[in-house]
Amino acid sequence: MIRSVVVGCGSYLPERILTNADLEKLVDTSDEWIIERTGIHQRHIAADNEKTSDLALNAARAALADAGVAVDEVDLIVLATSTPDQTFPATACKVQAGLGMTRGFAFDVQAVCSGFIYALATADNFIKAGQAKTALVIGAETFSRILDWTDRTTCVLFADGAGALVLKAEEGRGDNSDRGVLTTHLHSDGRHHDLLYVDGGPSSTQTTGHLRMLGKEVFRHAVVNLAEVVRETLDAVGMQPSEIDWLVPHQANKRIIDGTARKLGLSTDRVVLTVDRHGNTSAASVPLALAEAVKDGRIKRGDVLLLEAMGGGFTWGSALVRW
Ligand code: COA
């Protein structure tokens, strides 16, 4: 059986840091409120001349260097973003050009904060189908560009960044001892499209628009949907929560992450947490968290990782990966 084995990862965070104290000067909020409700202390914000493709390119180069894979070997780029440089072409094609890659194919997927899980599942399926052998999977966002900086209910939450993985097709045994993506599970429910959305777009207002969210409602759905998809994922491969080495969740809110870990019976020292320093970087949050925990030596070869995310749409999903 063909498996998509992760052979490298990388990430990029813009230099500029925005603290909760900085936000206190912009809107009626407090460091105490933000930490208590979300766990966020600070976040990174892209420079004026940095676009999503620039962030993505930096993360992609770092991932390829980590993997020791040459650009010529890559035959697929799947890039998850809801903040593309332009309406079209796909940001993935700009990354392809930036890497100097002249073969293969590149496209974007858009599933908001679940984007990286969607991109990973997409690339995994192309690899399993034999249509690609080496894939770059990227999550990259400049959410600072779509925030309403006068709306305290949203501007304190989201931020910018990028993360990337390199996948390679390898022959596996077809059981849970294989390295690589063991299973992926995607869901959406468009009935809730108006609980987390951007109030603009080419076909409606011809403007970019700003992010709008009914936070309490999103929170309520997130807790239920994530618990369900995590159970579905473990059931699909017949694994117990105790077999998970690391939970690498989407970093939206520490309270949601703690709730998911508690339901799985996982102690906090088996959860990769970056929301305190990164905020919610949407499709970039899972690969950013992954890259951090790999770099600092927490995630080791052979570890079982449960990745999960939920976002606007609603969309949600998970992936079980043996590193
Ligand atoms: N600073 C200070 N007060 C704020 C505030 C801020 N930044 N944002 C909202 N408040 C106020 C509200 O106006 C409200 O005041 P009121 O009681 O006088 O009306 C009060 O704080 C409580 O607001 P509420 O929205 O009920 O808080 P909450 O506990 O639900 O926390 C979120 C708000 C956004 C942190 C939380 O709902 C959340 O994390 N939701 C999920 C968001 C998410 O994950 N989105 C991305 C999914 S990918």
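Worth saying up front: this structure is predicted, and the values here are computed from it rather than measured. (Residues numbered from 1 in each chain as written. Predicted model: local features only at pLDDT ≥ 70, side-chain atom pairs only at ≥ 80, totals over all residues. Heavy atoms only, no water.)

Caption draft 1: Structural view of the overall build of the protein chain. The secondary structure content of the protein chain amounts to 10 helices and 13 strands. Against the compact-globule benchmark of 20 Å for 323 residues, the protein chain has a radius of gyration of 18 Å, which places it among compact chains. Overall, the C-alpha framework of the protein chain stretches about 55 × 45 × 40 Å when taken along its three principal axes. A buried classification covers 55% of the 323 residues belonging to the protein chain. Intrachain contacts of the protein chain at a sequence separation of at least 6 include 75% that bridge at least 24 residues. Summing over all exposed atoms, the protein chain offers an accessible surface of approximately 13300 Å²; the carbon and sulfur share of this is 50%. (Helix = DSSP H or I, 4+ residues; strand = E, 2+ residues; numbered from the N terminus. Rg over C-alpha atoms; globule rule 2.2 N^0.38 Å. Buried < 20%, exposed > 50% of the residue type's maximum accessible area, 1.4 Å probe, protein only. Contact = heavy atoms within 4.5 Å. Areas by Shrake-Rupley, 256 points an atom, 1.4 Å probe, with all protein chains shown as cover.)

Caption draft 2: Summary view of the sheet that holds strand β13 (residues 315–322). The strand order across the open sheet formed by 4 strands is β8-β13-β12-β11, and the pairing between neighbours is mixed. Strand pairing shows two members of the sheet lacking a second neighbour, β8 (180–188) and β11 (246–249), which therefore form its edges. Geometrically, the sheet is characterised by an average inter-axis angle of 15 degrees between neighbouring strands, direction not taken into account. In terms of strand pairing, β11 meets strand β12 (residues 304–311) through 4 bridges, oriented parallel. In the strand pairing of β12, Pro249 is matched with Glu308. Packed on one face of the sheet, helix α5 (residues 115–128) meets β8, β12 and β13 and runs near 125 degrees to β8. Docked against the sheet, helix α8 (residues 254–264) engages β11 and β12, running at close to 150 degrees with respect to β11. (Pairing = 2+ DSSP bridges. Axes fitted to C-alpha atoms, helices over the stretch in contact; angles between N-to-C directions.)

Caption draft 3: Expanded view of the sheet that holds strand β6 (residues 134–142). Strand order in this open sheet of 5 strands is β1-β7-β6-β4-β5, and the pairing throughout is mixed. Where the open sheet ends on each side, the last strands, each with one partner, are β1 (2–12) and β5 (105–109). Strand after strand, the sheet turns through a mean of 20 degrees between neighbouring axes, direction not considered. For β1 and strand β7 (residues 160–171), the ladder comprises 10 bridges, and the chain directions are antiparallel. Within the sheet, the bridge partner assigned to Cys9 lies in β7 and is Leu165. Running at roughly 120 degrees to β1, helix α3 (residues 52–67) makes contact with β1, β4 (76–80), β6 and β7 of the sheet.

Caption draft 4: Molecular detail of the packing of aromatic side chains. With the rule as written, the count across this model stands at 4 aromatic pairs. Among the aromatic residues, ring-to-ring pairing joins Phe105, Phe107 and Phe126 into one connected group. (Phe/Tyr/Trp six-rings, centres within 6.5 Å; stacked < 30°, edge-to-face > 60°.)

Caption draft 5: Structural detail: the UniProt feature "domain: Beta-ketoacyl-[acyl-carrier-protein] synthase III C-terminal" (unreviewed entry) in the protein chain. As recorded in UniProt, the feature "domain: Beta-ketoacyl-[acyl-carrier-protein] synthase III C-terminal" (unreviewed entry) lies at residues 234–323. In residues 234–323, helix accounts for 33% and strand for 22%; the two terminal C-alpha atoms are 16 Å from one another. (UniProt positions renumbered as here; feature names shortened; annotations may be inferred.)

Caption draft 6: Quick peek at unusual backbone geometry. The peptide bond linking Phe88 to Pro89 adopts the cis configuration, its omega dihedral lying at 5 degrees. Along the chain, the position of Pro89 falls in the loop between β4 and α4 (91–99). Between Gly313 and Phe314 the backbone carries a cis peptide bond, its omega angle lying at -15 degrees. Relative to the helices and strands, Phe314 is located in the loop between β12 and β13. Of note, the phi angle at Val112 is positive, near 50 degrees, even though the residue is not glycine. Topologically, Val112 is positioned in the loop between β5 and α5.

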